[in-house]
Amino acid sequence: MDSRDIHVLAEASVPSPRVKPAPQTSAIHTQFSYSPSDDGTDENLIILLHGLGDTNVPFARLGRSLKLPQTATLALRAPDLVPFLYEQAFQWYPSFDQLGDLIERPDPSPSLNLLKNVLNHLTGECGWPPHRIHLFGFAQGGSVAAEACLQWWRRELELSSQSRMTDKKTPVLPLGSLVTISGPLLSYPTLSKPCETPVLVFRRPRELKNGALDAFRKGFSRVKDVECAGKGMPRASLRDEWQPILEFWSEVLGWRPGDGLYELTTGTTS
């Protein structure tokens, strides 16, 4: 990916160590691929979730190919094998019934528990601030990523509410951002306050209709909707397909050269 049009704006403080420890296999109960930032400063972490029938391997390659400044990547493999297939094909939640038909109302709870534990490990032992953790998912992976953001937000709201009963008020800390590629929410959110994680919904024509976008706007306070011709994942060879995603990341990723913390912007400098 070409990041020559990405520029930075200074921000005040440095909230976390420049170099983060790698995630531990003892804490993440599925296969994963972690790549620290190429430039030696781990300011952002993008967690990549593949779609139905895939593995973490191609998404690990994708993460490395992005070459985003100050950004590490973590590609997770879904926990369950897809039934009826004799190959390495995984799913984030049971997708087919005993007849091989798609389940209309799937239950993602096991994968959400997995992601909850992953996020706890990353924000705990690995020292990642929640607002520097960004989720990217394709199709089924996008749905799980979106539900994980809401699950994190609900817990933060609950902790903040509990803290009001004491003298120590706990701030509500959203995750950094969400990019979902053709992945709808699996639930219709009911929240006391919409999630403040910025969201980019990237979809193909005729995808995410019948209230799917309304569900995102119900659950999240900041949603950007991008429709792009074609099918499937954005192709790395087509800059036009990736441009909306890169522009979105330029608004939400941080960059920290020297002693300052910076935020990415796109465009030209004067």
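Keep in mind the model is a prediction, meaning the values are calculated, not measured. Along each chain, numbering runs from 1 in the same order as the chain's sequence is written. Only residues with pLDDT of at least 70 get local features here, since the model is predicted, and only at 80 or more are side-chain atom pairs given and counted; chain-wide, interface and lining totals rely on the full set of residues. To obtain the side-chain values, all non-hydrogen atoms of the structure were included, while hydrogens and water were left out.

## Observations concerning the overall build of the chain
Here a helix means four or more residues in a row that DSSP labels H or I, a strand means two or more in a row labelled E, and each is numbered from the N terminus. For the chain, the count of helices and strands is five helices and twelve strands. The cut-offs for exposure are 20% and 50% of the maximum accessible area for each residue type, with area from a 1.4 Å probe on protein chains only; residues under the lower value are buried, those over the upper are exposed, and the others partly exposed. Here the chain, with 270 residues, has 49% of them falling under the buried criterion. Only the protein chains shown count as cover for residues, and all accessible areas are computed by the Shrake-Rupley method using a 1.4 Å probe. If you sum the accessible surface of the chain, you get close to 13,100 Å²; carbon and sulfur atoms cover 52% of it.

## A short note on the confidence of the model for the chain
Residue-level confidence of the predictor is summarised by pLDDT, bounded by 0 at the bottom and 100 at the top. With 89% of its residues at a pLDDT of 70 or more, the chain shows a mean pLDDT of 88. Confidence drops under pLDDT 50 across residues 3-14; counting only partners more than four residues distant or on other chains, this segment forms 36 contacts. Any two residues whose heavy atoms approach within 4.5 Å are treated as being in contact. Overall, residues 265-270 carries pLDDT values under 50, and its contacts beyond four positions in sequence, including any with other chains, amount to 14 contacts.

## Topic: the side chain of Asp 42
Position of Asp 42 among the secondary structure elements: in the loop between β2 (32-35) and β3 (44-49). Here Asp and Glu are counted as negative and Lys and Arg as positive; His is not counted, and neither are the chain ends. A carboxyl oxygen of Asp or Glu within 4 Å of a side-chain nitrogen of Lys or Arg is what we treat as a salt bridge. One buried charged residue, Asp 42, remains without a salt bridge, the closest side chain of opposite sign being Lys 20 at 6.0 Å. What qualifies as a polar contact is a pair of N or O atoms within 3.5 Å, subject to a donor-acceptor requirement within protein and to the restriction that residues adjacent in sequence count only when both atoms come from side chains. A distance of 3.0 Å separates a polar atom in the side chain of Asp 42 from the backbone nitrogen of Ser 37. If we ignore the near neighbours within four places in the chain, the residues touching Asp 42 are Pro 17, Arg 18, Val 19, Lys 20, Tyr 34, Pro 36, Ser 37, Gln 70, Ala 72, Trp 128 and Arg 256.

## Examining helix α1 (residues 57-66)
Among the residues of α1, Phe 59, Ala 60, Leu 62, Gly 63 and Leu 66 are the ones counted as buried. When α1 is viewed along its axis, its buried side chains cluster within an angular range of 160° and face the same direction. Backbone geometry just downstream of α1 places Lys 67 in the positive-phi region, at approximately 50°. Our arc is simply the arc of the directions from the helix axis toward the C-beta atoms.

## A short note on the packing of helix α2 (residues 109-123) against helix α3 (residues 140-163)
A pair of packed helices can be characterised by two numbers: the angle between their axes and the separation between those axes. Each axis is a line fitted through C-alpha atoms, taken for helices only over the stretch in contact, and angles between the N-to-C directions span 0 to 180 degrees. α3 packs onto α2 with a crossing angle of 60° between their chain directions and a minimal axis gap of 10 Å. Considering the angle they form, α2 stands oblique to α3. Two packed elements cross with a definite hand, and for α2 against α3 that hand is right-handed. Facing α2, whose interface residues are Ser 111, Leu 112, Leu 115, Lys 116, Leu 119, Asn 120 and Thr 123, α3 presents Val 144, Glu 147, Ala 148, Gln 151, Trp 152 and Arg 155. Angle categories: roughly parallel below 35 degrees, roughly antiparallel above 145, roughly perpendicular from 65 to 115, and oblique for all the rest. Should the near helix be turned anticlockwise from the far one by less than a right angle, the crossing is termed left-handed; should it be turned clockwise, right-handed.

## Points about helix α4 (residues 212-219)
Ala 212, Leu 213, Ala 215, Phe 216 and Gly 219 are the residues of α4 that are buried. Looking down the long axis of α4, one finds its buried residues gathered within 155° of arc, a one-sided arrangement. Next to the buried residues of α4 lie α3, β8 (177-181), β9 (199-203) and β10 (223-227).

## Considerations on the packing of aromatic side chains
Describing an aromatic ring pair means giving the distance of the ring centres and the angle of the ring planes. Stacked, edge-to-face and tilted labels apply to pairs of Phe, Tyr and Trp rings (six-membered ring for Trp) whose centres lie within 6.5 Å, assigned for plane angles under 30 degrees, over 60, and everything in between, in that order. Following the criterion strictly, the structure yields four aromatic pairs and no others. Aromatic pair Phe 136 and Trp 242: ring centres 6.0 Å apart, planes at 10°, arrangement stacked. In this pair, Phe 136 sits in strand β7 (residues 133-138) while Trp 242 sits in helix α5 (residues 239-252), placing the two residues 106 residues apart along the sequence. Relative accessible area serves as the criterion here: at 0%, Phe 136 is assigned to the buried category. Ring geometry for Phe 136 against Trp 249: centres 5.9 Å apart, planes inclined by 45°, an arrangement best described as tilted. Of the two residues, Phe 136 sits in strand β7 while Trp 249 sits in helix α5, which places them 113 residues apart along the sequence. Summarising the burial analysis for this pair, Phe 136 and Trp 249 share the class buried. Counting every residue linked through ring pairs, the aromatic cluster contains Phe 136, Trp 242 and Trp 249. Over a ring means this: the NZ of a Lys or the CZ of an Arg is within 6 Å of the ring centre and within 35 degrees of the ring normal. Its end group placed over the ring of Phe 90, Arg 77 keeps NZ or CZ at 4.0 Å from the ring centre.

## Considerations on the pairing of β10
If a strand is regular, its side chains alternate between the two faces of the sheet. When DSSP locates at least two bridges between a pair of strands, those strands are taken to pair. Inspection of the sheet shows β9 paired to β10 by five bridges, in the parallel sense. Within the sheet, the bridge partner assigned to Phe 202 lies in β10 and is Val 226. Where the polypeptide runs from β9 across α4 and back to β10, its parallel neighbour, the crossover connection is right-handed. Whether a crossover is right-handed depends on one test, that the path from the first strand over the helix to the second runs clockwise when the strands point away from the viewer.

## Considerations on the sheet that holds β8
Strand order in the open sheet formed by seven strands is β2-β4-β3-β7-β8-β9-β10, and the pairing between neighbours is mixed. Among the strands making up the open sheet, the edge pair consists of β2 and β10. Looking at each pair of strands side by side, their axes are set apart by 15° on average, direction ignored. Across the sheet, α3 lies against β3, β7 and β8, angled at about 145° from β7, the strand it touches most. The strands that α5 touches are β3, β7, β8, β9 and β10; relative to β8, the one it contacts most, it runs at about 170°.

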